[in-house]
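# Notes for the structure review
Single-letter residue listing:
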2 protein chains.
Amino acid sequence: MLDHTDMRILEELSNNSRLSMKELGAKVHLTGPAVSARVMKLEDEGVIEGYSIKLNQAKLGYFVHAFITIITKSTHHAPYLSFLKTQEGNIVRNYKISGDGCYLLECKFPSNEILNTFLEELNEHANYKLSIVIGK
Amino acid sequence: MLDHTDMRILEELSNNSRLSMKELGAKVHLTGPAVSARVMKLEDEGVIEGYSIKLNQAKLGYFVHAFITIITKSTHHAPYLSFLKTQEGNIVRNYKISGDGCYLLECKFPSNEILNTFLEELNEHANYKLSIVIGK
DNA sequence: CTCTTTCGCTTTATTTTTGAAAGGAGTTCA
DNA sequence: TGAACTCCTTTCAAAAATAAAGCGAAAGAG
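Since we're looking at a predicted model, the values are computed, not measured.

Taken as rigid bodies, chain A and chain B are interconverted by a rotation of 180° and an axial shift of 0.0 Å, the fit giving an RMSD of 0.0 Å. In short, the pair behaves as if placed about a two-fold rotation axis. Minimal C-alpha distance to the rotation axis in chain A is attained by A:Ser52, lying at 2.6 Å.

Structural data, given as structure tokens:
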């Protein structure tokens, strides 16, 4: 289904999704139209779900990056989930997990003070364990 | 430093980084050359770190997505880190964290069997807590 | 107040890329 | 042997990117 050339294409586009089809073609030894057809096929099949950018969060004012393991207080999660909707600017992703907790929340904050405020509000809906990202 | 138009540009490129400068310009009410100059500025400043794609991991054969909290056995982490290098295909990211553990490892596997093999090898270097992603 | 510089944009024109169409080579299958 | 299919290349018209020139508003100096 996916051959070696397709994997090379995905690799190159992961590194730089703004390559022109001509440049991408040169990297994988195909012409522009040939590689363009393959990319369209990968999109149609749903292998490529979209094209995005990598942002430097610190340059956007987000200096704190954290993972928070969530243990909701009640058995139904709605209060927690609707709380999240009020905090969209700080949420990167909310993973539903099996294991140590109900959710794993990835989030970002301008400062520890703002993180602290967030945690106080979060604590009305859920218990948590905080992990702050130091590197990599 | 970053005005409202820059934020709009980052937003649009996050949704689709392969927009032509002309299309992007139309969305933020600028001409192609004008928006192109702004994007180049955002790149030069390091706000935009790169352009990438979103891949459907299941379609690539990775059906299991997990976060593993790592507690290294010894005080020096080299054995664990060099073990990771041997497992690159399955590793998404390894975050150094402060909190519950030394690292938070995001990884993907074709099956629970392969995850199990991974965990047995991991356990030679570190203790761990496993969280398997169920959704979102 | 006026002159000058700077900045960010638009317009224009050239170069480059895209994408559609036609055609060729290799493979499969009857 | 040949029909159907796949995947590629070549060709070419249309679209986009890019470089250059110029415009107008804002800021600063005399």
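With that settled, the discussion passes to the packing of aromatic side chains. To describe a pair of aromatic rings, one takes the distance between the centres and the angle between the planes. A complete count under the given rule lists nine aromatic pairs over all chains for this structure. When the ring of A:Phe83 is compared with that of A:Phe118, the centres are 5.5 Å apart and the planes differ by 40°; the resulting orientation is tilted. Pair noted here: A:Phe83 is in helix 4 (residues 78-85) and A:Phe118 is in helix 5 (residues 112-122), with a separation of 35 residues, a long-range link. Side by side, A:Phe83 and A:Phe118 carry an identical accessibility label, which is buried. Look at A:Tyr95 and B:Phe67: their rings are 4.9 Å apart centre to centre, the planes differ by 55°, and that puts the pair in the tilted class. In this pair, A:Tyr95 sits in strand 3 (residues 91-98) while B:Phe67 sits in strand 2 (residues 64-72), so the two residues belong to two different chains. A residue is classified by how much of its surface remains accessible, and A:Tyr95, at 4% relative accessible area, is buried. Accessibility expressed as a relative area gives 1% for B:Phe67, which makes it buried.

Our focus in this paragraph is the UniProt feature "domain: HTH asnC-type" (unreviewed entry) in chain A. UniProt's feature table lists "domain: HTH asnC-type" (unreviewed entry) at residues 2-63 of chain A, given in the numbering used throughout. Between the C-alpha atoms that bound residues 2-63 of chain A there is a distance of 39 Å. The span itself is 55% helix and 13% strand.

Near DNA strand C, the surroundings consist of A:Ser20, A:Met21, A:Lys22, A:Pro33, B:Leu30, B:Thr31, B:Pro33, B:Ala34 and B:Arg38. Of all DNA strand C atoms lying within 4 Å of any protein atom, the proportion belonging to sugar or phosphate reaches 78%. Per element, the largest residue contribution to the surface near DNA strand C is three residues, and it comes from helix 3 (residues 32-45) of chain B. Each residue belonging to the surface near DNA strand C can be placed in one class, and the counts come to five nonpolar, two polar and two charged.

A surface patch of like charges, here positive, comprises A:Lys54, A:Arg93, B:Lys54 and B:Arg93. Using a relative accessible area of 41% as the deciding quantity, one classes A:Arg93 as partly exposed.

Let us look at the pairing of strand 4 (residues 103-109) of chain A. Residues and elements named next belong to chain A. Within strand 4, seven of the seven residues are buried, which leaves it mostly tucked inside the rest of the structure. Of the two faces of strand 4, the one carrying Tyr103, Leu105, Cys107 and Phe109 and the one carrying Leu104, Glu106 and Lys108 are both buried. Where strand 3 lies against strand 4, five bridges are found, and the strand directions are antiparallel. Paired with Lys96 across the strands is Tyr103, a residue of strand 4. Connecting strand 3 to the antiparallel partner strand 4 that follows it, the hairpin turn spans four residues, and Gly99 within it adopts a positive phi of roughly 140°.

Cut-offs used in this document
- Residues numbered from 1 in each chain as written.
- Chains lettered and ligands numbered in written order.
- Predicted model: local features only at pLDDT ≥ 70, side-chain atom pairs only at ≥ 80, totals over all residues.
- Heavy atoms only, no water.
- Least-squares fit on C-alpha atoms with pLDDT ≥ 70 in both.
- Phe/Tyr/Trp six-rings, centres within 6.5 Å; stacked < 30°, edge-to-face > 60°.
- Helix = DSSP H or I, 4+ residues; strand = E, 2+ residues; numbered from the N terminus.
- Buried < 20%, exposed > 50% of the residue type's maximum accessible area, 1.4 Å probe, protein only.
- UniProt positions renumbered as here; feature names shortened; annotations may be inferred.
- Near = heavy atom within 4 Å.
- Nonpolar A, V, L, I, M, F, W, Y, C, P; charged D, E, K, R; others polar.
- Patch = residues over 30% accessible without salt bridge, like charges linked within 9 Å, V, L, I, M, F, W, Y side chains within 5 Å.
- Areas by Shrake-Rupley, 256 points an atom, 1.4 Å probe, with all protein chains shown as cover.
- Salt bridge = Lys/Arg side-chain N within 4 Å of Asp/Glu carboxyl O.
- Lys, Arg positive; Asp, Glu negative; His and termini not counted.
- Charge placed at Lys NZ, Arg CZ, Asp CG, Glu CD.
- Pairing = 2+ DSSP bridges.

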